[in-house]
Amino acid sequence: MLAIGVTLGGYWKSLPASDFLDWFSLNGQFVARAIPLVLAPTLIGLIGSLWLGWSEGGARVFWLGAIACVAAVLVLTIAWFVPSNAQFAARSVPLDQVSARLDTWLMIHNVRIALAIVASVFGILAAAR
């Protein structure tokens, strides 16, 4: 998510609206394909860690916090990013609204990044218990 936000986000903002929509319609599927590559190991690791650390009350709280953060990332992804990305790819966002929509996309993406960082911190704290 950080790479998308930092590298692609800056690039997308530099493009005129029509060029951004063209880029997204041609390449958006590559962004979507990255999700399972990150999501599957994340969920396996979190569920396994929670299972292994369940008997440790202090660690359990941190693992549950990490899971709550990852769940929030998933909700944002499904509720906002999947439909928004589909609209960008279909070029169904009016050109005069692309910039504002992309700004919102990047702001919410930054929230996802923050949630992922908090989840990582929770994981570190749980492992340190």
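In the block above lies the structure referred to throughout.
Anyway, here's the lowdown on the structure attached to this text. (Residues numbered from 1 in each chain as written. Predicted model: local features only at pLDDT ≥ 70, side-chain atom pairs only at ≥ 80, totals over all residues. Heavy atoms only, no water.)

What about the environment of V93?
Consideration 1: Among the structural elements, V93 can be located in the loop between α3 (57–89) and α4 (95–128).
Consideration 2: Along the chain, V93 and F62 lie 31 residues apart, while their C-alpha atoms are 40 Å from each other.
Consideration 3: Not counting chain neighbours up to four residues away, the residues in contact with V93 comprise L21, Q87, F88, V98 and R101. (Helix = DSSP H or I, 4+ residues; strand = E, 2+ residues; numbered from the N terminus. Contact = heavy atoms within 4.5 Å.)

Topic: the nonpolar core
Consideration 1: The biggest cluster of nonpolar side chains holds 16 residues, and the ones touching the most others in it are W12, F20, F24, F88, L102 and W105.
Consideration 2: Mapped by element, the contributors of at least two residues to this core are α1 (2–14), α2 (17–53), α3 and α4.
Consideration 3: Setting aside residues no more than four positions away along its own chain, W12 makes contact with I4, F20, W23, F24, V31, L102 and W105.
Consideration 4: If you look at the next biggest cluster of nonpolar residues, it comprises ten residues, including A59, F62, A66 and A119. (Core = buried A, V, L, I, M, F, W, Y, C linked by side-chain atoms within 4.5 Å. Buried < 20%, exposed > 50% of the residue type's maximum accessible area, 1.4 Å probe, protein only.)

Quick word on the pattern of salt bridges
Consideration 1: Under the criterion given, the structure shown has two salt bridges.
Consideration 2: Between K13 and D103 there is a salt bridge, with the nearest N and O atoms lying 2.3 Å from each other. Taken together, the positions of K13 in helix α1 and D103 in helix α4 put the pair 90 residues apart, joining distant regions of the chain.
Consideration 3: On the accessibility criterion, K13 (36% relative accessible area) is partly exposed.
Consideration 4: The residue D22 makes a salt bridge to R91 at a minimum N-O spacing of 2.5 Å. Of the two residues, D22 sits in helix α2 while R91 sits in the loop between α3 and α4, which places them 69 residues apart along the sequence.
Consideration 5: A relative accessible area of 33% places D22 in the partly exposed class.
Consideration 6: You can call R91 partly exposed: its relative accessible area is 37%. (Salt bridge = Lys/Arg side-chain N within 4 Å of Asp/Glu carboxyl O.)

Points about the environment of G48
Consideration 1: Checked against the element boundaries, G48 lands in helix α2.
Consideration 2: The sequence separation of G48 and A127 amounts to 79 residues, and the corresponding C-alpha distance is 12 Å.

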